[in-house]
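Topology and contacts: notes
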Amino acid sequence: QVQLVESGGGLVQAGGSLRLSCAASGRSFSSYIMAWFRQAPGKEREFVGAIRWSGSRPADADSVKGRFTISRDNAKNTVYLQMNSLKPEDTAVYHCAAGDVMSSLYSAYNYWGQGTQVTVSL
């Protein structure tokens, strides 16, 4: 079992930056693939990025490539999402997730946090 708690969301102007954190508790955090998804009102949950336990070869969605960076600190049981050059269309609830397989499908992940709201204004 893994419990995930996101933090760091808030209101930011377009072009600004935020860093989200996802703190994990439970066993074997370092063995899981960690991912970020987001969900805007009225839209389906969207893959943002994922990272292996080693931190190597993170995967990012095309919509955020070059602007968002995912990283993890296994010693702190925490995964991060650094978001730069934010746009209004990035407004969503951001969720972190843990699973055994690197995938862009939300069904591949077993554990989910409650999410943190990110709002980007013009």
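Residues numbered from 1 in each chain as written. Predicted model: local features only at pLDDT ≥ 70, side-chain atom pairs only at ≥ 80, totals over all residues. Heavy atoms only, no water.

**So, the state of the cysteines**
- A full pass over the atoms with the stated rule returns one disulfide.
- The disulfide partner of C22 is C96, and the S-S distance across this bridge is 1.9 Å. Its S-S torsion of about 50° marks the bond between C22 and C96 as right-handed, since a negative value means left-handed. Placement of C22 in strand β3 (residues 18-26) and of C96 in strand β9 (residues 92-99) is noted, with a sequence separation of 74 residues between them. (Disulfide = S-S within 2.5 Å. Helix = DSSP H or I, 4+ residues; strand = E, 2+ residues; numbered from the N terminus.)

**Quick notes on the packing of aromatic side chains**
- Following the criterion strictly, the structure yields five aromatic pairs and no others.
- With centroids separated by 5.9 Å and ring planes inclined at 85°, the aromatic side chains of Y32 and Y111 adopt a geometry described as edge-to-face. Residue Y32 is located in the loop between β3 and β4 (33-39), and its partner Y111 is located in strand β10 (residues 109-112); the two are separated by 79 residues in the primary sequence. Summarising the burial analysis for this pair, Y32 and Y111 share the class buried.
- Considering the side-chain rings of F37 and Y109, the 5.5 Å spacing of their centres and the 75° angle between planes classify their relative orientation as edge-to-face. Placement of the pair is F37 in strand β4 and Y109 in strand β10, with a sequence separation of 72 residues.
- Taking the relative accessible area as the measure of exposure, F37 reaches 0% and is therefore buried.
- The class for Y109 is buried, based on a relative accessible area of 4%. (Phe/Tyr/Trp six-rings, centres within 6.5 Å; stacked < 30°, edge-to-face > 60°. Buried < 20%, exposed > 50% of the residue type's maximum accessible area, 1.4 Å probe, protein only.)

**Brief notes about the pattern of salt bridges**
- Taken as a whole, this structure holds three salt bridges when the rule is applied.
- R67 is the salt-bridge partner of D90, the closest N and O atoms lying 2.7 Å from each other. In this pair, D90 is assigned in the loop between β8 (78-83) and β9 and R67 in the loop between β6 (59-60) and β7 (68-73), connecting sequence segments 23 residues apart.
- A relative accessible area of 1% means that D90 is categorised as buried.
- Overlapping salt bridges, with partners in common, bring together R38, E46, R67 and D90 in one network. (Salt bridge = Lys/Arg side-chain N within 4 Å of Asp/Glu carboxyl O.)

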